[in-house]
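# Residue-level structure breakdown
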Amino acid sequence: QAAEVRVALGYPDVYEIGMSNLALPILYTILNRQAQVLAERVFAPWTDMEAAIRQASIPLLSLESKRPLSEFDIIGFSLGYELTYTNVLNMLDLAGIPVLAGDRDDSHPLIVAGGTCAFNPEPMADFIDLFAIGDGEELAAELVNTFRQCKREGCKKRETVSRLATIPGIYAPSLFDTDY
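Our subject in this report is the structure included herewith. (Residues numbered from 1 in each chain as written. Predicted model: local features only at pLDDT ≥ 70, side-chain atom pairs only at ≥ 80, totals over all residues. Heavy atoms only, no water.)

## Section: the pattern of salt bridges
- Scanning the entire structure with this criterion turns up ten salt bridges.
- Between R41 and E64 there is a salt bridge, with the nearest N and O atoms lying 2.6 Å from each other. With R41 in strand 2 (residues 37-43) and E64 in the loop between helix 3 (47-56) and strand 3 (74-78), the pair connects residues that are 23 residues apart, well separated along the chain.
- The residue D73 makes a salt bridge to K151 at a minimum N-O spacing of 3.1 Å. Separated by 78 residues along the polypeptide, D73 in the loop between helix 3 and strand 3 and K151 in helix 5 (residues 136-153) bring together distant segments of the chain. (Salt bridge = Lys/Arg side-chain N within 4 Å of Asp/Glu carboxyl O. Helix = DSSP H or I, 4+ residues; strand = E, 2+ residues; numbered from the N terminus.)

## A look at the packing of aromatic side chains
- Applying the stated criterion across every chain yields a total of three aromatic pairs.
- On the numbers, 5.2 Å between centres and 75° between planes, the contact of Y15 with F43 is edge-to-face. Linking Y15 in helix 1 (residues 15-18) with F43 in strand 2, this pair joins segments that are 28 residues apart in sequence.
- Of the residues examined, F43 reaches a relative accessible area of 9% and is grouped as buried. (Phe/Tyr/Trp six-rings, centres within 6.5 Å; stacked < 30°, edge-to-face > 60°. Buried < 20%, exposed > 50% of the residue type's maximum accessible area, 1.4 Å probe, protein only.)

## Digging into the pairing of strand 4 (residues 110-114)
- Judged by how many residues are buried, strand 4 sits mostly within the fold: five of five residues are covered.
- Burial along strand 4 is two-sided: the face carrying L110, V112 and G114 and the face carrying I111 and A113 are both buried.
- The pairing of strand 3 with strand 4 spans five bridges and is classified as parallel. Bridge pairing links S78 to G114 in strand 4.
- With two bridges connecting them, strand 4 and strand 5 (residues 130-132) associate as parallel partners. In the sheet register, A113 faces strand 5, and the bridge partner there is F131. (Pairing = 2+ DSSP bridges.)

Here's what the structure looks like:
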């Protein structure tokens, strides 16, 4: 039976580092236990693999099914430390997904980020559709369930983002005008 909502859990560092992150298996389990939800993982490739991916014009793929990231509904990145910010951008580029949130449309996955660096989301606000501020374990199920409802109703991205932003702990940068 096909999943109604497909989520790629992205760790913006190599597999060996990402697999030691405790949030990843917890979120993976929470999401995959939900009916009609499929969660898979994706990691940043080493530089030699990145070069091979680019040379072969292969998009970045999920670990479990080798599905292109562009075929997921949601890509969730765990931001554990600031040095991975550029890896997030590189992973989006490798996946063929526009890096800037404003350049993405309804055909692209929703990009969500959480983790300790989400407590200060502004450095990544131009690139991320939604930030989960707080425990992802608490927010993941509600976020996916609300997304599923929006998808069933045929909501456009802007409406989906607006509805998801009503969940306590979810911040949508595109809904705010920043004045410096």
